[in-house]
Every structure is written in structure tokens, then in C-alpha cells.
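Structural overview for review
Residue strings, one per chain:
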Amino acid sequence: MSLPAILAATAESGSPLTGVAAWVVDVMNAIGAPGAGFLVALENLFPPLPSEVILPLAGFTASQGGFSLASAIFWTTLGSIVGAIALYWIGIALGRRRLRIVVDKMPLVDLYDLDRTEAWFDRHGRKAVFFGRMVPIFRSLISIPAGIERMPFGLFVLLSGLGSLIWNTIFVLAGFYLGENWHIAEQYASVFSRIVVVVVLVAVIGWVLKRIRRNRQARSDT
């Protein structure tokens, strides 16, 4: 189905496409399912471009005959892998030595924290990469430490691909079966994203307060 027809279908449901959503459908209409993969790859590199909009819209476009459901899942997952690989190589380019130099100059952070983080990644890196691909915000970021720690490339691609396949399939299918109501999937994903943001902020604030207390205690003991 062409872009005008898809726009008309959503308009009839009372939820016309505008802004980013209209642009996403425009790209998919021009390039087809590979356009969905291209957009997901961009989303990995530019997180403000929301996969929670792209993926349901890919499913919705498939339901309208723009391309097949299998193509939507295949190309969006391929796009996820391509974006993850790009970030993985950024992590490799940064490297442990440069990272340690940066961390050593950061306030409230010392190299001991980095050592602990690296030790944690050594133990749980595989699970972090796999499940991280299904968590908003961390979907992209998890690829960078995988590169820094030089996780075997084949293993990284496999874990990233499997995690992305699960995440993408859920949202593409949601858009496919919800049809004109595809935005419901985006709304639930937005709530989940906000919860993740709140949890992360609470954890960061708690860590900062703990570090400030530790530093004050260290100064009082000297």
C-alpha cells in the first residue's frame, strides 16, 4: 500500500500520522522493508529516533500490504545488528587505555570503579548484551562496553542478533495485529522507557550520594 493510503487508513481511525511517524512511513514506502532496517540502524546510533515508533509502524505497513511480515522482521533485525556492530567498533576504537584516562579525570569516579565494572562485565557480559538489546536506552549503549572489553565478535553478533530478534518481533507483530491502533504498542513502550529512566536515575543518585559520603569519610580520617 502506498504512503497516501496508509496515511488515509490512520486518519480514518482518528490517529493520523504526523512528524517522525509520517517520516518513518515515508521512508518505508520509498525503500520498502530495507527502509525499516535502515531506520532501525539509525536508531541504534541516534537513540532519540525511537524504535518503539519504527517497529510497530513496520508491522502496520506490513499489515497494509507494503511488504511482508517476514521481511519486516528480517530487515529490522538486520538493521539492529548493523547499528550494534557500529557501536561495538566505537568501543574498540575507544579502548581500555583511553577509557581509563577519561575515568581517572572524572569527579567522584576512580579506577577501582572501572575495575569492578570490567570484572562484572567479564562475568555477566553475555547476558548483558543479550538482555540489553531488549531494554530501552541500554539497547544501544551496551554495544560500546562489549567493544571496549573485546567480546569475541562472532559471539557479540549472535547475542545482539538474538536479543534484537525477540524485541523487534514483539513490536513488529504488535503493529501488524493492532493495525491502525499501532500507536498503542508505542504508548506501552513509552511507559516502560520512563520506568527504566526512573530506575536508572534513582540508582545513579544513590551511587553519587554513597560516593560523596565515602569521600567525606576518607577526608575526615586523614
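A short tour of the structure in this document, coming up. (Residues numbered from 1 in each chain as written. Predicted model: local features only at pLDDT ≥ 70, side-chain atom pairs only at ≥ 80, totals over all residues. Heavy atoms only, no water.)

Quick look at the side chain of threonine 76 now. Mapped onto the secondary structure, threonine 76 falls in helix 5 (residues 69–104). When residues no more than four places from it in sequence are discounted, the contact partners of threonine 76 are Ala36, Gly37, Val40, Leu55, Ala58, Asn168 and Val172. (Helix = DSSP H or I, 4+ residues; strand = E, 2+ residues; numbered from the N terminus. Contact = heavy atoms within 4.5 Å.)

Interhelical geometry of helix 3 (residues 33–45) versus helix 4 (residues 51–63) gives an angle of 165° and a closest axis separation of 10 Å. As the angle between them shows, helix 3 and helix 4 are arranged roughly antiparallel. Between helix 3 and helix 4 lies a crossing of left-handed hand. Mapping the contact onto sequence places Ala36, Leu39, Val40 and Glu43 in helix 3 and Ser51, Ile54, Leu55 and Ala58 in helix 4. (Axes fitted to C-alpha atoms, helices over the stretch in contact; angles between N-to-C directions. Parallel < 35°, antiparallel > 145°, perpendicular 65-115°, else oblique. Left-handed = near helix turned anticlockwise from the far one by under 90°.)

Let us look at the environment of glycine 132. Checked against the element boundaries, glycine 132 lands in helix 6 (residues 111–132). By relative accessible area, which is 8% here, glycine 132 ends up buried. For the pair glycine 132 and serine 160, spaced 28 residues apart in sequence, the C-alpha to C-alpha distance is 8.5 Å. Discounting residues that sit within four places of it in the chain, glycine 132 has contacts with Lys127, Phe138, Arg139 and Ile142. (Buried < 20%, exposed > 50% of the residue type's maximum accessible area, 1.4 Å probe, protein only.)

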